[in-house]
Amino acid sequence: MRAINTIRHMDELGRITIPHEVREHFGWRDGAVFQVFIGDQSVILRRHDIEPNSHCFLCGSTEKLLNLPGDERKMCFDCWDNTR
Ligand SMILES: [Zn+2]
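Rules of the game
Positions within a chain are numbered from 1, following the residues in the order the chain's sequence is written. Restriction of local features to residues with pLDDT of at least 70 applies here, the model being predicted, together with a cutoff of 80 or more for giving and counting side-chain atom pairs; totals for whole chains, interfaces and linings are based on all residues. Starting at the N terminus, helices and strands are each numbered in turn, a helix being any DSSP run of H or I of at least four residues and a strand any DSSP run of E of at least two. For this measure, only C-alpha atoms enter the radius of gyration; the expected value for a globule follows 2.2 Å times N^0.38, where N is the number of residues. Exposure is read from a count of other C-beta atoms within 10 Å of each residue's own; the residue is exposed at 12 or fewer, buried at 20 or more and partly exposed in between. C-beta atoms are placed from the backbone. Contact criterion: two residues are in contact if their C-beta atoms, reconstructed from the backbone, are within 7 Å. Here, any two strands with at least 2 DSSP bridges between them count as paired.

> Break down the overall build of the protein for me, citing the residues and quoting the values.
Scanning the protein from terminus to terminus reveals two helices and four strands. Starting at the N terminus, the α and β elements of the protein follow one another as α-β-β-β-β-α. Against the compact-globule benchmark of 12 Å for 84 residues, the protein has a radius of gyration of 15 Å, which places it well outside the compact range. Along the first, second and third principal axes, the C-alpha atoms of the protein reach 40 × 25 × 25 Å. For the protein, buried positions account for 5% of its 84 residues.

Right, dumping it as structure tokens:
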């Protein structure tokens, strides 16, 4: 994960503006739909329409994924290790 040199304040409705450089980098336009994941000390936004079930349903990672038997969702090895 890479930090960018930007600090944003949340407004009274809980909204935070995603910095322009981030939106441009990912090609995000208004109306984009996101899935929100909660980590230990972070929140992860992932485009919801990229590809269903292409990420870990717990942390949002797209690397080292396992197919769960009898379940369409996927889990990464790191989350698998943390649940055992
Ligand atoms: Zn995971």
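> Run through the environment of Val43, naming residues and quoting values.
For Val43, the location among the structural elements is in strand S2 (residues 43-47). Distance from Val43 to Cys59, taken between C-alpha atoms, is 9.4 Å for residues 16 residues apart in sequence. Excluding residues within four positions of it along the chain, Val43 makes contact with Val36 and Ile38.

> Tell me about the environment of Leu68, residues and numbers included.
Positionally, Leu68 belongs in the loop between strand S3 (65-67) and strand S4 (74-76). Accessibility expressed as a C-beta count within 10 Å gives 13 for Leu68, which makes it partly exposed. Along the sequence, Leu68 and His20 sit 48 residues apart, while their C-alpha atoms lie 37 Å from each other. Once you skip the residues sitting within four places of it in the chain, Leu68 turns out to touch Arg73, Lys74 and Met75.

> Would you mind going over unusual backbone geometry in detail, with residue names and values included?
Despite not being glycine, Lys64 shows a phi value in the positive range, around 50 degrees. If you trace the backbone, Lys64 turns up in the loop between S2 and S3.

> Tell me about the pairing of strand S1 (residues 34-38), residues and numbers included.
Residues in a regular strand point their side chains to alternate faces of the sheet. For S1 and S2, the ladder comprises five bridges, and the chain directions are antiparallel. Of the residues in S2, the one forming a bridge with Ile38 is Val43. The turn linking S1 back onto S2 is made up of four residues.

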